[in-house]
Amino acid sequence: MLDTPPHHTLARAEAAEAVTDRALTDADIPEVTAMERLACAHPLHAWTDENYRSSLRAGYWSRVRCDAATGRIVAVCVAMDGVDEVHLLNIAVARAQHGQGHARALLAELVARCRQRRADALWLEVRPSNQRARALYLREGFADIGVRKHYYPAATGREDAVVMRRLIDLSDPSEAPHALD
């Protein structure tokens, strides 16, 4: 007899089936920034419309996850390609969708992009106060590398950033990128 998965695993599986991922467009920006402002602990933590527009102009990898039934955006992810690395610039999930696996799924897409580009490292900065995100990154194989002092705007002054890195094993044939059709 097969064990029944725990309820939270079923919820994540159902959430994953009920979404579509696509490229971020300029038309998405107002919805994305509104979603992110509500998701963040403080409005100063959220990206602005101009942050997203600038990322699109620069050609950064930008994805949104949308509810398949309504088209409503539930998560966003932006990353910048480097020579042998990728840098996660921003990831945000709608507050009502926290814990549903959306950030983890977007990170998996980003790791696949690293492999496709033969980038052996994925970098990010995270607020020390964002314990939920830090825990996710640690579970996903990131390690603390250092601290950037006074990196983020905060309600009272500035907040440091923890620099994290995940090494991407490009030598493992089971993790090699699949040929694109």
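Cut-off values and rules
- Residues numbered from 1 in each chain as written.
- Predicted model: local features only at pLDDT ≥ 70, side-chain atom pairs only at ≥ 80, totals over all residues.
- Heavy atoms only, no water.
- Buried < 20%, exposed > 50% of the residue type's maximum accessible area, 1.4 Å probe, protein only.
- Helix = DSSP H or I, 4+ residues; strand = E, 2+ residues; numbered from the N terminus.
- Pairing = 2+ DSSP bridges.
- Core = buried A, V, L, I, M, F, W, Y, C linked by side-chain atoms within 4.5 Å.
- Contact = heavy atoms within 4.5 Å.
- Axes fitted to C-alpha atoms, helices over the stretch in contact; angles between N-to-C directions.
- Salt bridge = Lys/Arg side-chain N within 4 Å of Asp/Glu carboxyl O.
- Phe/Tyr/Trp six-rings, centres within 6.5 Å; stacked < 30°, edge-to-face > 60°.
- Arc of directions from axis to C-beta.

**Student:** I'd love a proper account of the pairing of strand E2 (residues 61–67), names of residues and values included.
**Tutor:** Among the seven residues in E2, six count as buried, and that is most of the element. Pairing of strand E1 (residues 19–23) with E2, which is carried by five bridges, proceeds in the antiparallel orientation. Considered in E2, the bridge of Asp21 is made with Arg65. Relative to strand E3 (residues 73–81), E2 is paired through six bridges, and the arrangement is antiparallel. Residue Ser62 lies in a different strand from E3, and its bridge partner there is Val78.

**Student:** Kindly report on the nonpolar core, identifying the contributing residues and their values.
**Tutor:** Of all hydrophobic cores here, the largest spans 27 residues; its most connected members are Leu88, Ile91, Leu110, Leu122 and Tyr137. At the level of secondary structure, the elements contributing two or more residues to this core comprise E3, strand E4 (85–93), helix H4 (102–117), strand E5 (121–126), helix H5 (131–139) and strand E7 (157–167). Of all the elements, H4 adds the most residues to this core, at six residues. Beyond its immediate stretch of four places on either side in the chain, Tyr137 contacts Leu88, Ile91, Leu107, Leu124, Val126, Phe142 and Met164. With 13 residues, the next largest nonpolar core counts Leu24, Val64, Val76 and Ala92 among its residues.

**Student:** Describe the sheet that holds E4, naming the residues involved and giving the relevant values.
**Tutor:** Spatially, the seven strands line up as an open sheet ordered E1-E2-E3-E4-E5-E7-E6, and their pairing is mixed. Both edges of this open sheet fall to E1 and strand E6 (143–154), since each of them pairs with a single strand only. Adjacent strand axes in the sheet meet at a mean angle of 25 degrees, parallel and antiparallel pairs treated alike.

**Student:** Any chance you could break down the pattern of salt bridges for me, citing the residues and the numbers?
**Tutor:** In this structure the tally under the stated criterion is 13 salt bridges. The closest approach of N and O atoms between Glu50 and Arg57, which form a salt bridge, is 2.5 Å. On the basis of relative accessibility, which here comes to 40%, the residue Glu50 falls in the partly exposed class. When its relative accessible area of 59% is taken as the criterion, Arg57 is described as exposed. Notably, a salt bridge pairs Arg113 with Asp81, separated by 2.5 Å at the nearest N-O pair. You can see Arg113 sitting in helix H4 and its partner Asp81 sitting in strand E3, a full 32 residues away along the chain.

**Student:** Talk me through the packing of aromatic side chains; I want residue IDs and the actual numbers.
**Tutor:** This structure, assessed with the given rule, holds three aromatic pairs. Plain terms: the ring middles of Tyr137 and Phe142 are 5.5 Å apart, the flat faces sit at 65 degrees to each other, and that makes the pair edge-to-face. In this structure, Tyr137 and Phe142 share a single accessibility class: buried. Taking 4.9 Å as the distance between ring centres and 90 degrees as the angle between the ring planes, the aromatic pair formed by Tyr151 and Tyr152 counts as edge-to-face.

**Student:** For the environment of Gly71, give the residues involved together with the corresponding values.
**Tutor:** Looking at the element boundaries, Gly71 is found in the loop between E2 and E3. For Gly71 and Thr20, which are 51 residues apart along the polypeptide, the C-alpha to C-alpha distance reads 8.4 Å.

**Student:** Got a sec to walk through H5? Specific residues and values, please.
**Tutor:** Those residues of H5 that sit buried are Ala133, Arg134, Leu136 and Tyr137. For H5, the angular spread of buried residues about the axis comes to 160 degrees, placing them on one side. Within H5, the exposed residues directed more than 90 degrees away from the buried face are Gln131, Arg132 and Arg139. Where H5 terminates, the next one or two residues include Gly141, which has phi positive at roughly 95 degrees.

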